[in-house]
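Examination of the molecular architecture
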Amino acid sequence: MAKNTSLYFRIVEGRNLPAKDVNGTSDPYCIVKVDNEVVARTATVWKNLNPFWGEEYTLHLPMGFHTLSFYVMDEDTIGHDDVIGKISLSKEVIAAQSKGLDNWLNLTRVDPDEEVQGEIHLALELLRDSQRTGLRCHVIEARDLAPRDISGTSDPFARVLFNNHSAETSIIKKTRFPHWGEQLELELDAEEVTEGASLTLEVWDWDMVGKNDFLGKVEIPLACLYKTPLLQGWFRLLPLGNTEDDAGGKLGALRLKVRLVEDRILPSMYYQPLIDLLVESVISPAEVEDTTPLTMLEEVTTVESRQDVAMTLVKIYLGQGLVVPFLDYLNTREVNHTSDPNTLFRSNSLASKAMEQFMKAVGMLYLHEVLKPIVNRIFEEKKYIELDPCKIELNRTRRISFKGAVSEAEVRDSSVELLQGYLAGIMESIVGSVAQCPPVMRVAFKQLHKRVEEQFPEPENEDVKYLAISGFFFLRFFAPAILTPKLFHLRDHHADTRTSRTLLLLAKAVQSVGNLGLQLGHGKEQWMAPLHPVILRSVASVKDFLDKLIDIDHDNVSEVPQRAVFLPSVTVKEGYLHKRKAEGPQLLTRFAFKKRYFWLSSETLSYAKTPDWQVRSSIPIQRVCAVERVDENAFQQQHVMQVISQDGEGQLHTMYIQCKNVNELNQWLSAIRKASIYNERMLPSFHPGAHRGGKWTCCLQSDRAALGCSRTHSAVTLGDWSDPLDPDAETQTIYKQLLQGRDKLRAQYLESVDAETAMEEEKRLSPSADADADGVERSRQFHERRQAAAARLLDVVMDLERAHLAFQRREREEAGNHILTP
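Residues numbered from 1 in each chain as written. Predicted model: local features only at pLDDT ≥ 70, side-chain atom pairs only at ≥ 80, totals over all residues. Heavy atoms only, no water.

**Some remarks on the packing of aromatic side chains**
- In this structure the tally under the stated criterion is 20 aromatic pairs.
- Measuring from ring centre to ring centre gives 5.4 Å for Phe477 and Phe478, while their planes differ by 65 degrees; the resulting arrangement is edge-to-face.
- Ring geometry for Tyr576 and Tyr597: centres 4.9 Å apart, planes at 85 degrees, overall edge-to-face. You can see Tyr576 sitting in strand S17 (residues 573–580) and its partner Tyr597 sitting in strand S18 (residues 593–600), a full 21 residues away along the chain.
- Residue classification places Tyr597 among the buried positions, given a relative accessible area of 12%.
- Connected via pairs of aromatic rings, a cluster forms that spans Tyr366, Phe445, Phe473, Phe474, Phe477, Phe478 and Phe545. (Phe/Tyr/Trp six-rings, centres within 6.5 Å; stacked < 30°, edge-to-face > 60°. Helix = DSSP H or I, 4+ residues; strand = E, 2+ residues; numbered from the N terminus. Buried < 20%, exposed > 50% of the residue type's maximum accessible area, 1.4 Å probe, protein only.)

**Section: unusual backbone geometry**
- Look at Asn16: it is not a glycine, yet its phi comes out positive at around 55 degrees.
- Its location among the elements puts Asn16 in the loop between strand S1 (2–15) and strand S2 (28–34).
- The phi angle at Asp144 is positive, at roughly 60 degrees, despite the residue not being glycine.
- Looking at Asp144, the relative accessible area reads 30%, which means it is partly exposed.

**Observations concerning helix H9 (residues 439–455)**
- A rise of 1.5 Å per residue sets the reference length of H9, with its 17 residues, at 24 Å; its end C-alpha atoms lie 25 Å apart and thus fit the reference within 8%.
- Buried within H9 are the following residues: Val440, Met441, Arg442, Val443, Ala444, Phe445, Gln447, Leu448, His449, Arg451 and Val452.
- Residues of H9 that are buried in the fold lie against helix H6 (323–336), helix H7 (350–381), helix H10 (464–483) and helix H12 (532–549). (Expected span 1.5 Å × (residues − 1). Contact = heavy atoms within 4.5 Å.)

**Notes on the pattern of salt bridges**
- Following the criterion strictly, the structure yields 36 salt bridges and no others.
- Note that Asp263 and Lys736 form a salt bridge whose closest N and O atoms lie 3.0 Å from each other. Here Asp263, found in strand S16 (residues 253–265), pairs with Lys736, found in helix H16 (residues 727–740); they are 473 residues apart in sequence, far enough to count as distant.
- Under the relative-accessibility criterion, Asp263 is labelled buried at 8%.
- Under the relative-accessibility criterion, Lys736 is labelled partly exposed at 27%. (Salt bridge = Lys/Arg side-chain N within 4 Å of Asp/Glu carboxyl O.)

The following block contains the structure:
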């Protein structure tokens, strides 16, 4: 039974941060670490002590974790960035919040003695005979120690302490991965050795000048040594244990949302009955009003979890090749239950959320292709644009004419002209993108168009079938991406205040286009009126675009089950990176890394001098056996990763690639790991350094073929829209939702069905008809079908629960047969 750990966190905003700059403000950003490994960096919010980020991440951690830390930094253009404070959350604290943590938390000071990381490999033995009593500690090696020196390394040594006795290893210079292989022995008095006593091992960084720096410690109770004659293993280094001081809120606070999901994933065969029920709901739907597992699932899904459930269902049906019938089933029910066309898809129903998540899952590359050029242009031009007379600031804009001061009318006229140009560019790109739109999206919209037209055939509702599609396409897909490009990966950074205002005005205009201009002039923002003509002109082209979009033959769209959302030939990620030249004459670092354009698909990682270069070099993805970070000390460069591959003869080859920032590094690491996650020959260990000058810079071993000194992290990935499908993990998520709502389903469907209920249900379904004998019989049959469907679903849920309990018992029994080490 596999373990699946997912950590979701959202950095919402900060408040009352201290001023770090001479101008009385700060330029804050956040760094996020999981067990001291940087996994994310937010954008910098310039000159703001109450910044808003709104950035969210999902991290998949198969090996688990201990601590999640958020560091708030002040960016400085000269010198090192200042640390404002941090928040550390242990796994236990996060797990204790079953619905997740959502709170303001005060920042604490950063204490160097608490900033420890890494593990140490020890073998411990208690020596007791008639002649003597002693402790033998074999200090073998350590890995991933914190860098304490300016070179990015440390000079570590270990010290064993017990009461007043101590012994030290030798000092290993300039490494974070020392190999000692030394035995330290302590002679003890017999009365000192009690089960309540404990042994402490500390690791320090030796400094020639000043005091040594603390690197971490391990405490081992002697009781462990009474249980086993030889205790051996890797031990996590811990801080000194100083109590954290939140400075009474003087360092400010962060609002964070954090949620931990830990699952045990059963073998696939256990989930198949639930998959079969879900498939049956959409391939052979009964009456519209009949109850199915999908309708029951929606009933027990909370508003907070509905988006996650919708995304999970979209992935399940994508994997089954049934995403269009799935969406059609939900949309048909939604349309048939809507009497007023003005309220169609206005709620956060499962149908609405499923369509949103479906567009993100299959349409993000399409969205990037359509919007990225115009969004990049807006960011680069940074024009001052404002239409609201209450917000126009004449000193914010450059002089438009040579007549003197700029007037409000001139600002408004200039803004209208610029906005019209941007909006025209956006709309031209969208309405000209029929051929670029993924066929499966087009078919889903075609089905939606059909259902709405059937439900609202009246001439006065002619626009409803267009509004249903444009509501999703423009209001829930394109407009949000224009408003916050970073959250859709269109940009690496948030927009500045000026650009953000431009994007907001454009998003409002695109929303009006999506509403087919029906609400123009009715709102409070009458100052948007100068854009109304271009919006109305766009409406006609939008209707023509939507007609072309749904003009597609359903039979020509292949919906075959597939492990990944995208076909192998599709490039999942691309962009300029810096590749290190192959081994040869020693070059200065700045000459050793050359700019290259990289493409990643599920089949190859390839690169060339430019995007248009005809000759490409490629690495087959199936030959990748590790994708890891590289220590800064290796090349004296930040944000370097390595892709280790194996050729046909079994020889390992390493390619070093430098990214421009930590977010780009994490995105590429994650993308390549996802593409290679099912490879069979993944390495268990690697060298985080480089082999230079006849030795590894990390562990100082001379043999180029020496085993890696650090364990690989190849399964750690960032969750996003391009994640490979994992039917077992996704079905486990649905099972958990049903398990939580099991009692509600049982009470509603299995314990309250009688003749009176049947009569009431018949009256609800047919209020104008008398509840005659035929009506009662129809209601009875309806409730019997509903009861049978609920019973089948609950039986499957109970079977899965029993399987989980059986596997847990087996795990406990196996654990009891082994001696656990700390």
